[in-house]
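Structure assessment
Below are the chains, spelled out letter by letter.
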Amino acid sequence: MAILKSIVDVNNGNTGWTKSDVLDSLETVFANLGWNNGTAATGVPCIVKAPDGAFASSSGYQWREGYNRRVAGFEHCGGVYAPSTAYKVRYFNLSNNTTASYRVLEEWRIDGSSSSTIDSANNTITEPRHGLITGDAVRYAAGVTSGDNAKTINGLTIDTAYYVIRIDDNVFKLAATSTNATNGVAINISPATTTGYYLERNSDAAYDNYTIRVKRGDEIKLDSSGASGGGGALYLLRNSDSYDATKLLTRTDTSYSIDPTGQGTTDIEWDTRAYRQTEDEALNPLRAIGAGPGTSLDDEGIVKYTYANDTNSSMKGEIVIEPFISNKVGGWMNPYWKYTVPASGSRSELKLRVYRGNQVWHTAHIVNIEIVSVGSGWSNEDVFTIPGEEIGGVATTNDVVFGVNTDESSSNAYDGKPSIMVTNFGAGSNFYQKNSSGNYGLAKVTHDAGKAFGTTFYGIGLDQNNSYRLVITSGSNFDWLNRAGINTDSKAETADNGVYYGEAGLDYQSSYSSIQKTYTTSFGGSLEYATNSTPTAYPLQIRVYRAQAPQDPNFVVIQFCQIINSIVQQFGTFSLAKGSSFGSGVYDLDYVFQDSILKIEDGGARSIKFKYTDTGYSYYSGSTVAEPASTNTKARGASYGYLRNASSSAYAGKESLFSSNIDTQNDTSSTDTITYYRNSTYDAYNGKSVSSSANYYKPIKGIPVCMNLLPVPYYLPDDFVMLQVGTTPGLTAFRTGDTVTVSGSEIYEIIWAEYESQQNGLDDVSNNSTIGMLFMARTT
């Protein structure tokens, strides 16, 4: 069965082609091969552009500890910033119901002797952010049996239940009965002589294992002395539903965070500044392979705080930290509010998170808006409004209006408009992502949809410093969300275009996770696809050689050629590891992903080089050997099993040389692969010859992808062969596209040729022979 051959002419075969033309032609090649996989989608929101046109920096995500995600341009929208508010010390008394639960009763330590707290003229009690609603039952001086009249607020009785009449967030009154509270009938009160008696929630089963809700920046004080009969001790935990000694709550930012004090005692105190707010959704909806469903406590972005007894598993509850603009100094991470833009027509709903500054970082201004869902059907600069009261501000005053990107009308007007920007996902005839200026394209290639790592993202970056070099990179996941992507024409290696992601050191190289656009031999996927001398002055084409079933149709050789002075010249030639047959019996795509490239290159005067390498940056660091895996390895790439310890003096790739064995001096080089050859005409001496029955001269099939790999991960299909040549006359030239006829039914086309002309061959006639090696594909 012969191979399938196709040719894609760049810019329709005309000169003057551009990098965009090259990218378009590669897109066509992948489309013809059926390698643009996945599901096409249009109008996918990818980033929010600030009113001044700025895109968010893509250096990290908000949920990673220690990052301030401010983009100054966002401060130009959202109205005059909302004022910051004082943090609060919150008190909670814990008792126990046998060993079944903690009963958690909040205590308000009001200053009963202060007229600013107890207003006798209006019968009100002032307590900032009291959190009470009309009808709540509270007990005054709970547990006090022998009162001190000096401490008693006039009008109240110790150890007595009262009912709340809410005035606003900071002021309330007390009623003698629930009915009176509903009807607004308050008790007459006036300040005590001295303070000392407080209000506490009235004990009730509703507060068993009660969920404590506080604002970020508040201080929490838990007194569990009343739970001594329950046994065990109280602890605070992070990301655990119950007591776990390995998940005790500790600081998250050494600059501002403070470890809770009193863990395991009856008095625990916790300052919540610089701790992340509670979150029950993964902040990044792009789930990397193995990252979990986005709902479990181990998923990135999920944050949960728990109080729990170390002995009695049912004595536990949650502490929820809510977003808050606090005037408390300290804390790097910006508070955020969630808002979902409802679906409208063909436009899907869209989840956003709106970040505001804190005391350290631009208090209360909007500092960033990020997308946290995958939508579709949107257009650039679609119009909608986020109500100010939904995002930590004031209704109308702090509304954020989206639409055509517009900066604020004047300094500190705060009336600018941010914009939604979209991307499209290609499949079939289109790359997954493609920059319209020809900077890069991204192919989503599925090897085996049933395997965990059965898909590889291949990035193709066009070198911006010239028109003859490109770089191929790869990863098992690609992160495009909250990145400008195709909306920016940046020519540099930037995370704004998107990054390979997953686990650093396993799925991507942390320092080299971007789509590479600058050619360097340190990247295994670097290729020269045209002449370096006025490259666009000559036509450029891409030739594709593909095996057919029953041989492996996933094996494809892709070759750039130029027609220079009417002669076809060979340039960058490669084959990507594709399908599940590559590596079969060596590795499994449930555990590693295809990441290698085979490059066919000049191996010397009479040799063809097969270079098997990964598509990342060489793993070495300085002159040391990079073992074990580090942040800059890509250890889950299949090739890492072979290319795991390259040093600065030995690039991370293995080479095989297929060398001619006809009138060629062989040496002991470990890279040379010598082809068997017999010729009875010349294997003779002193009138005697090796029998002609021993003659051996034929195309060699079953070629290993690299002779220096054990076990060999892949053998080329039989229709791809090597043939050594020694022929006359001496000026014979072998070109890409030339045919070699072995017999009438066995004809090959040359893909790559390396040879020397005008040689003294086996006939010993000066300059009468051409000797070399040919890499060919069978056409008949």
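Above this text you will find the structure in question.
Okay, so let's go over this structure.

Thresholds applied
- Residues numbered from 1 in each chain as written.
- Predicted model: local features only at pLDDT ≥ 70, side-chain atom pairs only at ≥ 80, totals over all residues.
- Heavy atoms only, no water.
- Pairing = 2+ DSSP bridges.
- Helix = DSSP H or I, 4+ residues; strand = E, 2+ residues; numbered from the N terminus.
- Salt bridge = Lys/Arg side-chain N within 4 Å of Asp/Glu carboxyl O.
- Buried < 20%, exposed > 50% of the residue type's maximum accessible area, 1.4 Å probe, protein only.
- Phe/Tyr/Trp six-rings, centres within 6.5 Å; stacked < 30°, edge-to-face > 60°.
- Core = buried A, V, L, I, M, F, W, Y, C linked by side-chain atoms within 4.5 Å.
- Contact = heavy atoms within 4.5 Å.

**What about the sheet that holds strand S14 (residues 267-271)?**
- Taken in spatial order, the 10 strands line up as S5-S6-S9-S8-S7-S10-S4-S3-S12-S14 in an open sheet, and their pairing is mixed. Every interior strand has two partners, whereas the edge strands, strand S5 (118-119) and S14, have only one.
- Sheet topology places strand S7 (residues 137-140) next to strand S10 (residues 199-201); three bridges connect them, and they run antiparallel. Bridged to Arg139 within S10 is Glu200.

**Observations concerning the pattern of salt bridges**
- Throughout the structure, instances matching the rule amount to 35 salt bridges.
- Of the charged contacts in the structure, one is a salt bridge between Asp218 and Arg90, with a shortest N-O distance of 4.0 Å. A residue pair is termed long-range when its members are at least 10 positions apart, and Asp218 in the loop between strand S11 (212-215) and strand S12 (219-226) and Arg90 in strand S3 (residues 89-97) qualify at 128 residues.
- The salt bridge partner of Glu528 is Arg469, with a shortest N-O separation of 2.9 Å. Placement of Glu528 in strand S29 (residues 526-528) and of Arg469 in strand S26 (residues 469-475) is noted, with a sequence separation of 59 residues between them.
- Residue Arg469 is classed as partly exposed on the basis of its relative accessible area of 22%.
- Several salt bridges share partner residues, and in doing so they unite Glu279, Asp280, Glu281, Lys338, Lys351 and Arg353 into one network.

**Structural notes on the environment of Ser693**
- Along the chain, Ser693 falls in the loop between strand S38 (688-689) and strand S39 (720-727).
- Looking at Ser693, the relative accessible area reads 71%, which means it is exposed.
- Sequence-wise, Ser693 and Arg678 are 15 residues apart; in three dimensions their C-alpha atoms are separated by 9.5 Å.

**Observations regarding the packing of aromatic side chains**
- On inspection of all chains with the given rule, the structure shows 31 aromatic pairs.
- Ring centres of Phe384 and Phe402 lie 4.2 Å apart, and the angle between their planes is 15°; this geometry places the pair in the stacked category. Taken together, the residues span a long stretch of sequence, with Phe384 in strand S20 (residues 384-386) and Phe402 in strand S21 (residues 400-402) at a distance of 18 residues. For the pair shown, Phe384 and Phe402 are each scored as buried.
- Where Phe582 meets Tyr714, the ring centres are 4.7 Å apart and the plane angle is 10°; that geometry is what we call stacked. Of this pair, Phe582 sits in the loop between strand S32 (567-576) and strand S33 (596-602) while Tyr714 sits in the loop between S38 and S39, placing them 132 residues apart in sequence. Across this residue pair, the class does not change: Phe582 and Tyr714 are buried.
- Three or more aromatic residues joined by ring pairs form one cluster here, namely Phe555, Phe582, Phe610, Phe658, Tyr714, Phe720 and Phe775.

**Describing unusual backbone geometry**
- For the bond from Leu710 to Pro711, the omega torsion is -5°, close enough to zero to count as cis.
- Look at the link from Thr728 to Pro729: it is a cis peptide, with omega at 0°.
- Phi is positive for Asn686, close to 55°, though the residue is something other than glycine.
- Topologically, Asn686 is positioned in the loop between strand S37 (684-685) and S38.

**Description of the nonpolar core**
- One finds Leu352, Ile369, Ile386, Phe402, Ile420 and Trp480 to be the most contacted residues of the largest nonpolar core, which totals 44 residues.
- Elements supplying a minimum of two residues to this core: strand S2 (41-49), strand S17 (336-341), strand S18 (350-356), strand S19 (366-371), S20, S21, strand S22 (419-425) and strand S24 (440-446).
- Excluding its chain neighbours within four sequence positions, the residues that come into contact with Trp480 are Val44, Pro45, Cys46, Leu286, Val374, Phe425 and Tyr432.
- Formed by 33 residues, the second largest nonpolar core is a distinct cluster that contains Val10, Leu462, Leu470 and Phe560.

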